[in-house]
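# Per-entry structural report
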Amino acid sequence: MSETVKIRQLVEKLSLETVFATEEALDKEITTGDISRPGLELTGYFSYYSHDRLQLFGNKEIAFAERMIPEERLLVMRRMCSDDTPAFIISRGLDVPEEMIQAAKEKSLAILRSPISTSRLLGEISSFLDDQLATRTSVHGVLVDVYGLGVLIQGDSGIGKSETALELIQRGHRLIADDRVDVHQQDELTLIGEPPKILQHLIEIRGIGIIDVMNLFGASAVRGSMQVQLVVYLEAWAKNKQYDRLGSDDAVVEIGNVDVPQIRIPVKTGRNVAIIIEVAAMNFRAKSMGYDATQEFENRLTQLIEENSGM
């Protein structure tokens, strides 16, 4: 589902100053992460006015507005205050034109201000809105931070996902979410996972019940969100099944329109799955940095064959 963002949430998140706002204005919803810098509109050109976006005023916009006569400035500001315009935001702590305040009051539109630069403010607002407005889906599994890598542990019910995650936590890694992971796409290649609020910091262990990881292991054992970078699928060991022994199987699984690398680990008595996942995470990190142990083995094998054939 797509989330909604109210103006008051934006104010709280970015510590914005409220120059003018009514309760109605603070409850207005932002429907798009796009932000407009209304330079052309200040000249009176409204043919392509993005009225449903936040209107961001920086040095250039305010300086241009100050050169206009008051009557013209009021007319333009009134035209910019559409019914679905979320708010006006002023950067660099600049003075707000009186005509903007008058027009905003007439339409019950919030005027917000920040002391930071326009480009930095634009980036912070965009990042916040993109994260909040992204379509969210839920996947079954346990998300753990293993050596700074977001590992999503999946598998059949009862295979030992939560128990494996608990052992990883005991070994110094961090829990993000257990049982259900809410994911959203940050960009074309980045998938972010986080816990539902009701399950935050909690993990279920059969035979014990629900435990609070932060309460038992401390704040360093949990984190609020994490990029999903690797999926580890736990499956019951099957005697007659062939498993990848060289690590050459580049399988991926699609989650939220993003392809995430996946490895499958057979589980049976005597295998320490937590340690295997630690090694898998380190090996994945090494591959991403350009070192591939499988390729190194194949190179050595090729070299050995060539040496033997030349004897």
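Let me begin by describing the structure that accompanies this report. Residue indices follow the written sequence of each chain, beginning from 1 at its first position. Totals for whole chains, interfaces and linings use all residues, but because this is a predicted model, local features are given only for residues with pLDDT of at least 70 and pairs of side-chain atoms are given and counted only at 80 or more. Calculated side-chain values reflect all of the structure's heavy atoms, with hydrogen atoms and water omitted.

### Let's talk about the pattern of salt bridges
For this analysis, a salt bridge means a side-chain nitrogen from Lys or Arg found within 4 Å of a carboxyl oxygen belonging to Asp or Glu. A complete count under the given rule lists 15 salt bridges for this structure. Residue E61 is joined to R37 by a salt bridge in which the shortest nitrogen-to-oxygen separation is 3.0 Å. Of this pair, E61 sits in helix α4 (residues 59–67) while R37 sits in the loop between β4 (35–36) and α3 (39–42), and the two are 24 residues apart along the sequence. Measuring nitrogen to oxygen at the nearest pair gives 2.9 Å for the salt bridge that ties E106 to R78. You can see E106 sitting in helix α6 (residues 98–107) and its partner R78 sitting in helix α5 (residues 70–80), a full 28 residues away along the chain. In this text, helices come from DSSP runs of H or I with a minimum length of four residues, and strands from runs of E with a minimum of two, each type numbered from the N-terminal end.

### Some details on the packing of aromatic side chains
Ring pairs shown here join Phe, Tyr and Trp side chains whose ring centres sit within 6.5 Å, with only the six-membered ring taken for Trp; geometry is labelled stacked below 30 degrees between planes, edge-to-face above 60, and tilted in between. Across all of its chains, the model carries 3 aromatic pairs by this definition. A centroid spacing of 6.4 Å and a plane angle of 40 degrees characterise the contact between Y45 and Y48, whose relative ring orientation is tilted. Seen from their ring centres, F46 and Y49 are 5.3 Å apart, and the 80 degrees between their planes marks the pair as edge-to-face. Both residues of the pair, F46 and Y49, count as buried. Remark: a charge is flagged as sitting over a ring if the NZ atom of Lys or the CZ atom of Arg is within 6 Å of the ring centre and within 35 degrees of the ring normal. Geometry around Y233 places R264 over its ring, the cationic atom sitting 4.3 Å from the centre. Note that K268 overlies the ring of W237, its terminal NZ or CZ placed 4.1 Å from the centroid. With a 1.4 Å probe rolled over the protein chains alone, any residue whose accessible area is under 20% of its type maximum counts as buried; one over 50% counts as exposed, and the rest are partly exposed.

### Comments concerning the sheet that holds strand β8 (residues 136–140)
The strand order β8-β12-β13-β16 describes an open sheet built from 4 strands, whose pairing is antiparallel. Both outer strands of the open sheet, β8 and β16 (226–227), are each paired with one neighbouring strand and no more. For two strands to be treated as a pair, DSSP must find no fewer than two bridges joining them. Two elements, strand β13 (residues 191–194) and β16, share 2 bridges in a ladder whose sense is antiparallel. Pairing of G193 across the sheet is with M226, part of β16.

Any functional reading would require information beyond the geometric quantities listed.
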